[in-house]
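The residues making up each chain are set out below.
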Amino acid sequence: MGGMTNVSGLCWGVCCGPVRKNWSRASAAVKGNYEGEGLKSGGVFVMGPGQQGILYQHVEKVIGDNLVANGKTHEVIEALAKLKT
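Parameters at a glance
Residues numbered from 1 in each chain as written. Predicted model: local features only at pLDDT ≥ 70, side-chain atom pairs only at ≥ 80, totals over all residues. Heavy atoms only, no water. Helix = DSSP H or I, 4+ residues; strand = E, 2+ residues; numbered from the N terminus. Buried < 20%, exposed > 50% of the residue type's maximum accessible area, 1.4 Å probe, protein only. Contact = heavy atoms within 4.5 Å. Areas by Shrake-Rupley, 256 points an atom, 1.4 Å probe, with all protein chains shown as cover. Pairing = 2+ DSSP bridges. Core = buried A, V, L, I, M, F, W, Y, C linked by side-chain atoms within 4.5 Å.

Novice: Would you mind going over the overall build of the protein with me for this structure?
Specialist: Within the protein, the secondary structure is distributed over three helices and two strands. Sequence-ordered secondary structure for the protein, helices as α and strands as β, is α-α-β-β-α. Residues classed as buried in the protein amount to 16% of the 85 residues present. Taking as baseline every contact in the protein between residues at least 6 positions apart, the subset at least 24 positions apart corresponds to 48%. Total accessible area computed for the protein in this model is approximately 6,400 Å², and 60% of it derives from carbon and sulfur atoms.

See below:
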């Protein structure tokens, strides 16, 4: 099942773990209807052409684990600066 996260600890994560913290932080900053598939994991890849390969990767470990929340946007910008054109 492409994109599905391991949901074995879903109840713990939603009730008292990192998912609850991510939800609280996001709901204060993001306005919207929150419709959609909440169990799909996301990520960011920066890939260079040819043999340059993957310059940066971030894969969600828990729901809401994203670059902005973790203060890692500078890492993406640094990887983009390394792209060969």
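There's plenty left to go through after this.
Novice: Looking at this structure, how should I read the pairing of strand 1 (residues 43-47)?
Specialist: Along any regular strand, the residues point their side chains to alternate faces of the sheet. Direction of pairing for strand 1 relative to strand 2 (residues 54-59): antiparallel, over a ladder of five bridges. From the neighbouring strand, Phe-45 faces strand 2, where its bridge partner is Gln-57. The antiparallel pairing of strand 1 with strand 2 creates a hairpin that spans six residues between the two strands, and Gly-50 there sits at a positive phi of about 60°.

Novice: Just to check I follow, could you spell out the nonpolar core for this structure?
Specialist: Where a protein is soluble and globular, its nonpolar side chains tend to be buried together. Among the nonpolar cores identified, the biggest contains five residues, and these are Val-46, Tyr-56, Leu-67, Val-76 and Ala-79. Contact partners of Val-46, with chain neighbours within four places excluded, come to Gly-53, Ile-54, Leu-55, Tyr-56, Val-76, Ala-79, Leu-80 and Leu-83.

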